[in-house]
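Secondary and tertiary structure notes
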Amino acid sequence: MVQHLENPAAKIELGYWAIRGLGQPIRFLLAFSGVQFSEVRLGANPDGTLITDRLAESADWDEHKKHIDFPFPNLPYLIDSSGPNEVRLTQSNAVIRYLGRRFDLYGDSDLERAAIDVLQDEAYDFRNRIIETTYVEKTEYPETLAEFIDKALPRYIDRFDQYLKSTGGNSHFVGERISLVDFILYEMIWQTSVMVPGSITEKDRPSLFAFMNSFEKIPRIVAYMSHSSYIERPINSIWTAFN
């Protein structure tokens, strides 16, 4: 069973688990762009409650992917039927870059697009450290979290803060306006602030703190975050040590 969030006016469908995970930056980008989209959320019942049987959750995806036509079935997936030729994509980076081009959120020059690519790769390197920390047994989590706080967090978060400071602005990472990488980095920074309370503060990491505040005041983001479809938690799979 899956949860369908249908929007009759939508020409875009996003399929992903009923968690934030890799889907959340894509959701943010779509919401910011003001585009109507529908969602298919796996790992959830039709009423939105999460499936608590791990085998049933896996079986849902096995069944669902039989009915969608993709060369490389995976989650997240995107179907865009707004143009003359339907677009079907998997792989989160490919999806968000496609949407960045589609909605003019991929920089204004080759140099800006290169900077976006570098930051995107750095952000997902950092996400891999988050996954290594959280996708463990609960008994192992205190040890993996301590290592994360000692090594990965300062390595990546401090560099992001310094990079943002070097741009002379606090509302976006590249160029003169928001780009696709801001949605990715907001999610990674927000997750860090939840995992490690007090890690993003005006005193210790002021540029990231200001960036988060600015992002959360964007009118379309405010509207999306107050909508019933918005996922506050879980961040990761409910089977992880931290979700």
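Everything below is about the structure printed above this text.
Let us look at the structure shown here. (Residues numbered from 1 in each chain as written. Predicted model: local features only at pLDDT ≥ 70, side-chain atom pairs only at ≥ 80, totals over all residues. Heavy atoms only, no water.)

**As for the pattern of salt bridges**
- Within the structure shown, the criterion is met by 14 salt bridges.
- Among the salt bridges present, the one from Asp104 reaches Arg177, with a minimum N-O distance of 3.1 Å. Within this pair, whereas Asp104 is found in the loop between helix H3 (92-102) and helix H4 (110-134), its partner Arg177 is found in the loop between helix H5 (141-167) and helix H6 (180-195), the two being separated by 73 residues in sequence.
- Asp104 gets classed as partly exposed once you look at its relative accessible area, which sits at 47%.
- Between Asp204 and Lys203 there is a salt bridge whose closest N-O contact spans 3.6 Å.
- With a relative accessible area of 47%, Asp204 lands in the partly exposed category. (Salt bridge = Lys/Arg side-chain N within 4 Å of Asp/Glu carboxyl O. Helix = DSSP H or I, 4+ residues; strand = E, 2+ residues; numbered from the N terminus. Buried < 20%, exposed > 50% of the residue type's maximum accessible area, 1.4 Å probe, protein only.)

**Re the pairing of strand S3 (residues 37-42)**
- With six of six residues buried, S3 lies mostly within the body of the structure.
- Residues Phe37, Glu39 and Arg41 line one face of S3 and the alternating positions Ser38, Val40 and Leu42 line the opposite face, and both faces are buried.
- Where strand S1 (residues 3-5) lies against S3, three bridges are found, and the strand directions are antiparallel. Opposite Leu5, over in S3, you have Glu39 as the bridge partner.
- Where strand S2 (residues 12-17) lies against S3, six bridges are found, and the strand directions are parallel. Opposite Ile12, over in S3, you have Phe37 as the bridge partner.
- One crossover worth recording links S2 to the parallel S3 by way of helix H1 (residues 24-33), and it is right-handed. (Pairing = 2+ DSSP bridges. Right-handed = clockwise from strand over helix to strand, strands pointing away.)

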